[in-house]
Amino acid sequence: MIPRRRIRLDLGDAADVLAAAWSAEAANRADVARFEQAFAAYLGCRHARATASGRDALELILDGLGLVPGDELIVPAYTLGELLPLMQARGLRLVAADVDPRTLNVTTDSVAACLGADTRGIFVVHMFGAPCDIVGLCALAQKRGIPLIEDCAHALGAMVGGRRVGSFGSAALFSLEVNKAVATFGGGMLATNDAALARSIGRVLDARPRTEWPAARKAVLKHAEELLVRSPLYGLLLRLLLGGGGGSRFERLYRRLHDRVRAGHVAYCGFQARIGLRRLRDVDARNARLNQRWNELSGGLLAPFVPVCRDEIGMPAFYNFVARYDGDVVKLRRQARDAGIDLGVGSEVMDNTAALLGQHDCPGAATAFASAIQCPLYDGLADARFLHMKRWLRSLAGTRS
Ligand SMILES: *Cc1c(COP(=O)(O)O)cnc(C)c1O
């Protein structure tokens, strides 16, 4: 079975974890500061601060921007559903802006259509690494005098007009989770050009407890997980747990276990920063490498597959391989399993956040949710496996079933 997700492990990672245990707190703190500076320089942004997760960065931004209960925030109709409760817990009223099913991103028009008298902010995501129309959206926010938050969890390295995404809006969040481009066994990054916002968020972060233990434990557990994924046992386990219908049982179990090792509101660690610095140096090459494979897989897709258009606005970064399949995706998932490919469908790919909010006026998001599929594509995917998947996808074209 070709697993859908793999975790990148470098030989240096374990050494970094061990070294941190022997380092003085001041040395670990300095490593975090170096990583933050390198990240800001990479983005072309004035301030970057490392956080406990991407979600943590989002919460810090929401609080730092002074959004209060009753304020209305525009969010994408198709994105990670787990973000909604963080916003709702602050009493924000969420309005979903529809996405274009060709790009899976919101558009300036779809966001403009949601603006109302009570709108106090715009939250956008650069979905699956493809930049949304951030220039048009920022102009819209500026005209209304409201903040715009960029979710760049998928889009580290993506560019619009020669500028990196994450440097356009009022503030941006990045994720350093194991499945993201610069993976440091959890963590996140918050970027902003607003000195006052950076200062107030910095005060919160500097007061946090410093402990390397939660992240170190996660690094150990994720190493164990990856060893299991690379063993022959994994295919068997997957078949067992995927048994029956859509097979989201495995996904739920995986996410539950994964969330249990998520760090709380603690400081980002020194060893994570050392791993991050190493991976940040490689991020452009990684984007180029995997985007080339993305294009190769996507280029030959015929109906009922629909490739996602990613370069309409700017240069995309790589996150996952996603396409649309205008047919029975649950059946496709079963066929994939029989061909030895762990394909993701439905909420395993992303959520219909409009529907989660009880909003049924977003046909683009409904189409995206019903037809999006995710195939395994990552560094370390063997050539033979890549070819097998490519041939399998092509063999199905024209067979709508
Ligand atoms: C991964 C992700 C985040 C942040 O996730 P964390 O796991 O909290 O680091 C935010 N938005 C989207 C769209 C994501 O995929």
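Residues numbered from 1 in each chain as written. Predicted model: local features only at pLDDT ≥ 70, side-chain atom pairs only at ≥ 80, totals over all residues. Heavy atoms only, no water.

Peer 1: I would appreciate a short explanation of the overall build of the protein chain in the present structure.
Peer 2: Along the protein chain, the regular secondary structure elements total 15 helices and 17 strands. Taking 2.2 N^0.38 as the reference for a compact globule, 401 residues should give roughly 21 Å; the C-alpha atoms of the protein chain span a radius of gyration of 21 Å, in line with that estimate. Taking the principal axes of the C-alpha coordinates as reference, the protein chain spans close to 55 × 55 × 35 Å. Split into buried and exposed, the 401 residues of the protein chain put 57% on the buried side. Working note: accessible area of the protein chain is about 16,200 Å², and carbon and sulfur atoms make up 57% of it. For the protein chain, the separation between the mean place of its 51 positive charges and that of its 41 negative charges on side chains is 4 Å. (Helix = DSSP H or I, 4+ residues; strand = E, 2+ residues; numbered from the N terminus. Rg over C-alpha atoms; globule rule 2.2 N^0.38 Å. Buried < 20%, exposed > 50% of the residue type's maximum accessible area, 1.4 Å probe, protein only. Areas by Shrake-Rupley, 256 points an atom, 1.4 Å probe, with all protein chains shown as cover. Lys, Arg positive; Asp, Glu negative; His and termini not counted. Charge placed at Lys NZ, Arg CZ, Asp CG, Glu CD.)

Peer 1: When you look at the sheet that holds strand β1 (residues 47-51) in this model, what are you seeing that I'm missing?
Peer 2: Whenever strands of a sheet pair, they do so through backbone hydrogen bonds, lying parallel or antiparallel. Strands sit in the order β1-β12-β11-β8-β7-β2-β4 across an open sheet of seven strands; the sheet is mixed. The sheet is open, and its two borders are formed by β1 and β4 (93-97), each paired with just one other strand. Pairwise comparison of adjacent strand axes, ignoring direction, gives a mean angle of 20° for this sheet. Bridge analysis of strand β2 (residues 72-76) against β4 gives five bridges, and the strand direction is parallel. Residue pairing for β4: valine 75 is matched across the bridge by alanine 96. Sheet contacts for helix α7 (residues 195-206): β1, β11 (171-175) and β12 (188-192); angle to β1, the most-contacted strand, approximately 25°. (Pairing = 2+ DSSP bridges. Axes fitted to C-alpha atoms, helices over the stretch in contact; angles between N-to-C directions. Contact = heavy atoms within 4.5 Å.)

Peer 1: How do you make sense of the site of the ligand when you look at a structure like this?
Peer 2: Around the ligand sit 13 residues, and of these Arg55, Asp151, His154, Ser175 and Lys180 come closest. Interatomic distance of 2.8 Å between a side-chain N/O atom of arginine 55 and an oxygen atom of the ligand. Aspartate 151 places a side-chain nitrogen or oxygen 2.6 Å from a nitrogen atom of the ligand. Look at the ligand: alone it shows 380 Å² of surface, and the protein chains cover 97% of it. Residues that form the shell around the ligand fall into these classes: three nonpolar, five polar and five charged. (Near = heavy atom within 4 Å. Polar contact = N/O pair within 3.5 Å; in protein donor to acceptor, adjacent residues only side chain to side chain. Nonpolar A, V, L, I, M, F, W, Y, C, P; charged D, E, K, R; others polar.)

Peer 1: Quick question: what am I supposed to make of the environment of methionine 159 here?
Peer 2: Position of methionine 159 among the secondary structure elements: in strand β9 (residues 159-160). Sequence separation between methionine 159 and methionine 315 is 156 residues; the distance between their C-alpha atoms is 5.0 Å. If near-sequence neighbours (up to four positions away) are discounted, methionine 159 is found in contact with Pro131, Arg164, Val165, Gly314 and Met315.

Peer 1: I keep staring at the sheet that holds strand β13 (residues 305-307) and nothing clicks. Help me out?
Peer 2: Taken in spatial order, the four strands make up an open sheet running β13-β14-β17-β15, and their pairing is antiparallel. What marks the edges here is a single partner per strand, and that holds for β13 and β15 (344-345). By the bridge criterion, four bridges tie strand β14 (residues 321-325) to strand β17 (residues 372-375) in an arrangement that is antiparallel. Of the residues in β17, the one forming a bridge with valine 322 is glutamine 374.

Peer 1: Can you walk me through the pattern of salt bridges in this structure?
Peer 2: One side chain can pair with another of opposite charge once the charged atoms of both are near each other. Scanning the entire structure with this criterion turns up 34 salt bridges. One salt bridge connects glutamate 82 with arginine 255, and the closest N-O pair in it is separated by 3.9 Å. With glutamate 82 in the loop between β3 (78-79) and α4 (84-88) and arginine 255 in helix α10 (residues 249-260), this residue pair connects regions lying 173 residues apart in the sequence. Overall, the relative accessible area of 25% leaves arginine 255 in the partly exposed class. Salt bridges sharing partners connect three or more residues here, namely Arg8, Asp10, Asp13, Asp16, Asp31, Arg34, Arg274, Arg278, Arg279, Asp282, Arg289 and Asp379. (Salt bridge = Lys/Arg side-chain N within 4 Å of Asp/Glu carboxyl O.)

Peer 1: Would you take a moment to explain unusual backbone geometry for this structure?
Peer 2: Leaving glycine out, the prevailing phi sign among residues is negative, and the prevailing peptide bond configuration is trans. In this model, alanine 303 is joined to proline 304 through a cis peptide bond whose omega is 5°. For leucine 104, which is not glycine, the phi dihedral falls at a positive 65°. Note on placement: leucine 104 falls in the loop between β5 (99-100) and β6 (105-106). Assessed through its relative accessible area of 1%, leucine 104 is described here as buried. With a phi angle near 50°, phenylalanine 128 is a residue other than glycine that sits in the positive phi range. Inspection of the secondary structure assignment puts phenylalanine 128 in the loop between β7 (119-125) and α6 (134-144).

Peer 1: I'm lost on a nonpolar patch on the surface in this one. Help?
Peer 2: Residues Leu228, Leu233, Leu236 and Leu237 make up a contiguous nonpolar surface patch of roughly 350 Å² in combined accessible area. If one sorts the elements of the nonpolar patch by residue count, helix α9 (residues 233-242) sits on top with three residues. Residue leucine 237 is classed as partly exposed on the basis of its relative accessible area, which comes to 33%. (Patch = residues over 30% accessible without salt bridge, like charges linked within 9 Å, V, L, I, M, F, W, Y side chains within 5 Å.)

Peer 1: Quick question: what am I supposed to make of the side chain of arginine 4 here?
Peer 2: The topology assignment puts arginine 4 in the segment before α1 (11-22). At a separation of 3.3 Å, a polar atom in the side chain of arginine 4 contacts the side chain of aspartate 342. Separated by 3.2 Å, the side chains of arginine 4 and glutamate 348 make a polar contact. Non-local contacts of arginine 4, meaning those with residues more than four positions away in its chain, are made with Glu251, Arg333, Asp342, Leu343, Gly344, Glu348, Gln374, Pro376 and Tyr378.

Peer 1: When you look at the nonpolar core in this model, what are you seeing that I'm missing?
Peer 2: In a soluble, globular protein the nonpolar side chains are often hidden away together inside. If you look at the biggest cluster of nonpolar residues, it comprises 89 residues, and the most contacted ones within it are Phe35, Phe39, Tyr78 and Ile373. Sorting elements by how many residues they give to this core places helix α11 (residues 270-299) first, with seven residues. Setting aside residues up to four positions removed in sequence, phenylalanine 39 forms contacts with Ala48, Leu156, Phe174, Leu176, Met189 and Leu280. (Core = buried A, V, L, I, M, F, W, Y, C linked by side-chain atoms within 4.5 Å.)

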